[in-house]
Every structure is written in C-alpha cells, then in structure tokens.
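Here is how the chains run, residue by residue.
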Amino acid sequence: MIDLKMPETLHVDAFQMRIADIVDVDLGQLHALSMAVGWPHRAEDWQCLRELGHGVVALDEIGRVMGSAMWFPHGESFATLGMLITSPRLQTNGTAKWLMQRVLAGCPGTRFRLNATRAARRLYRSLDFVAQRTVFQCQGRAHTPERTDDLADGHALRPLHAGDLDAVIAFDTPGFAVPRPLHLIRLFEDSLCYGLFRGEELRAYSMSRAFGRGHVLGPIAAFSVDDAIAVARPHVDAHIGRFLRIDTHIESGPFSSFIQQCGLPVFDTVTTMTLGEGVDYGQAGEESAALFALASQSIG
Ligand SMILES: CC(C)(COP(=O)(O)OP(=O)(O)OC[C@H]1O[C@@H](n2cnc3c(N)ncnc32)[C@H](O)[C@@H]1OP(=O)(O)O)[C@@H](O)C(=O)NCCC(=O)NCCS
C-alpha cells in the first residue's frame, strides 16, 4: 500500500523520521501517542482499529512512534480516514501532512471521508477536502430519559442476532453511503445490538460497545426520529449512572433533545469532510434510512 515514490524520511526539528506499517509497532506505543493528545482510546480500541483498517506511523531514529494515520477501505474506491495524530513535541512541523500525503498517494482513485478536529481542518483543506457537516460529540453520565409513547402498533424491539446481519448491512448502506459489511460484522461481535421491526421488516437498528472512557452508542440508523429514539433508549437504560458517548450529525429536534435529556451534552464538535464526489452521509428518504449516530469519529 505504501507508495515508494514519496520521501522515505522526514527531518522534523532535531528528529529524522521514517515511515512504518502500523501493524509492526507495539500497541502500547500507539496508546501512549493517543493519550499524549488527550484522546480516550484504550489499547483494545487501537487493536480493533488495526483489525478494521490499515495505517502508517512515523518512527524516530530509536523506533519511538511520533505520528500515526489510518485508512479504512470500503471496496475499491472509497475509504474513511482517521487516527491522524502527531506527538505534541513535533506538531506544526509538517509531520501530519507528510503522513496524509503518504496515505493519499498509496490509495490512487479512492474517494475519502473523515471527521476533522479543529486542529486538523486547515491541513485537510490544504489537501482539497471539503467540509460537509458538523458532528456533535455528546457525552456524560447517562440519566434515565423521560418516558414517551410506547412503540407504534405492530412494531417490536428485540436484540439482534447474527442472522439479522444481512438485513442490518443493507439497511445501513444509504446512510453510510456504501456497504460496510466488515465493519458491521466486527462491531456486532463487540456490541449490544437492537433492532426495531414492523413484522419482519427492519425499521431501525442500534449498537453500543465499550470504548474509551466508558461506552459508545452507535451506529444507529433509522427511517424516522421516533424509530431512532426507540432503538437508542435500551442502551441508555443499560448505562444509567455510567459514562456514555454518542457522535451524531443531528443538531436539533427530538433526537437531539432526547440525547440531552439522557445527560449527554455536547462536549465537542468535529467536521465531516470529503475528498471526491458522492461519499457524504445520506439523508433519510421514503426508501432509505439515515444514520443518527456514528460508530466512531475515526471509522465514521
Ligand atoms: C492535527 C494534527 C495531527 C496536526 O499535526 P501537525 O504535525 O502539527 O500538522 P502539520 O505540521 O503537518 O501541519 C499541516 C498544516 O496544518 C497547519 N497547522 C498545524 N497545526 C495547526 C494549528 N494548531 N493551528 C493552525 N494551523 C495548524 C500547518 O501550518 C500546516 O499548514 P500548511 O500546510 O498550510 O503549512 C496535530 O495537531 C494533532 O495530533 N492534534 C491532536 C489530534 C487531532 O486532532 N488529530 C486530527 C484528527 S482529524
């Protein structure tokens, strides 16, 4: 995957950096890198990301990890990007740009999507990424949400099992923009999952799993806000009094109010950016569900 035409080394300040494959470095070093920039990832979260995607790291002369960048391919021509980190000691010296250029050059013909922190937005803009929408990172100690109406007539909520996965993958595709079977199958292994059904038809699904400081609620896809709330509610109930996080594009309205009522205020925002056409998240329509929560900022 690495493009050999790109410079193999980079002088940064007093350091000489070289590129290596992320699978060849110690998980503890990756964990230390993300902790150095205040990110909550556990070593297990890094391991899951390495199983789902590819990555490069910048190593100094004695093999310390000073930077990272990952990409998560979905088919031949689309990938999400994430885990771009530079050690605070080296920031604003061109390391992140060098890593990103390596990744982009290694994936010719690929369209990309990512969720950019404020610190990284200018860098992505300089690489021709276009801002699409805001992601609200909501988190806190979960409260019991106000009870609202019961499920609509004919609807049933139940835990998902492996036999539901094909339906979940198809249902998720319009909201995510492309099918992501590998990610959903891997997330399913680690997650508590619910589906809302009308008869045999899937109307909404949700997953939650251990991540960072507690649990993350996502992905969630649904035809309607009410359905999204119905599949989110059992996860909140399961984490009352504990740390819960949700990353959502939904800024206002009943879903956003529900999240706030659950004790999960907006903690930060990031910006979804794309490079190439047709890879932004989809909108809900008659025939297609929308994403109400991301699996994570890194994998989308
Ligand atoms: C965002 C981050 C990866 C940038 O790393 P970096 O090695 O400092 O970036 P570079 O030195 O390659 O800078 C690339 C460009 O961004 C600019 N830039 C970098 N940091 C900046 C800052 N804090 N404010 C404004 N511009 C900044 C640089 O000037 C450069 O612009 P140019 O190409 O026009 O000269 C780094 O700050 C970081 O790890 N932050 C914490 C984690 C994070 O937010 N990651 C991004 C995830 S989307």
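Rules behind the numbers
Residues numbered from 1 in each chain as written. Predicted model: local features only at pLDDT ≥ 70, side-chain atom pairs only at ≥ 80, totals over all residues. Heavy atoms only, no water. Buried < 20%, exposed > 50% of the residue type's maximum accessible area, 1.4 Å probe, protein only. Helix = DSSP H or I, 4+ residues; strand = E, 2+ residues; numbered from the N terminus. Pairing = 2+ DSSP bridges. Right-handed = clockwise from strand over helix to strand, strands pointing away. Near = heavy atom within 4 Å. Polar contact = N/O pair within 3.5 Å; in protein donor to acceptor, adjacent residues only side chain to side chain. Nonpolar A, V, L, I, M, F, W, Y, C, P; charged D, E, K, R; others polar. Salt bridge = Lys/Arg side-chain N within 4 Å of Asp/Glu carboxyl O.

A. Representation of the pairing of strand E12 (residues 243-248). The buried fraction of E12 amounts to 6 of the 6 residues, a majority that puts the element mostly inside the structure. On E12, burial covers both faces: Phe243, Arg245 and Asp247 on one face and Leu244, Ile246 and Thr248 on the other are all buried. Pairing of strand E7 (residues 130-141) with E12, which is carried by 6 bridges, proceeds in the antiparallel orientation. The partner of Gln137 across the bridge, within E12, is Asp247. Chirality of the crossover, the property in question, places the unit of strand E11 (residues 214-222), helix H7 (residues 225-238) and E12 among those that are right-handed.

B. Structural context of the site of the ligand. Lining the immediate surroundings of the ligand are 20 residues, of which Leu84, Thr92, Gly94, Lys97 and Thr117 lie closest. Thr95 places a main-chain nitrogen or oxygen 3.5 Å from an oxygen atom of the ligand. Counting residues per element, the ones that place at least two in the shell around the ligand are strand E5 (78-86), helix H3 (95-106), strand E6 (111-116) and helix H4 (118-126). In terms of residue count, H4 provides more of the shell around the ligand than any other element does, 5 residues in total. Broken down by class, the residue content of the shell around the ligand amounts to 10 nonpolar, 8 polar and 2 charged.

C. Layout of the pattern of salt bridges. According to the stated counting rule, one finds 12 salt bridges in the structure shown. The partner of Arg64 in a salt bridge is Asp60, and the shortest N-O contact between them spans 2.7 Å. Residue Asp60 is classed as buried on the basis of its relative accessible area of 1%. Across the pair Arg186 and Asp190 runs a salt bridge whose closest N-O atoms are separated by 2.7 Å. Placement of both Arg186 and Asp190 in helix H6 (residues 181-190) is noted, with a separation of 4 residues, approximately one turn of the helix. According to the relative accessible area criterion, Arg186 is buried, its value standing at 15%. Here the salt bridges share partners, and the residues they tie into one network are Glu51, Arg186, Glu189 and Asp190.

Read these as spatial facts, not as claims about activity.
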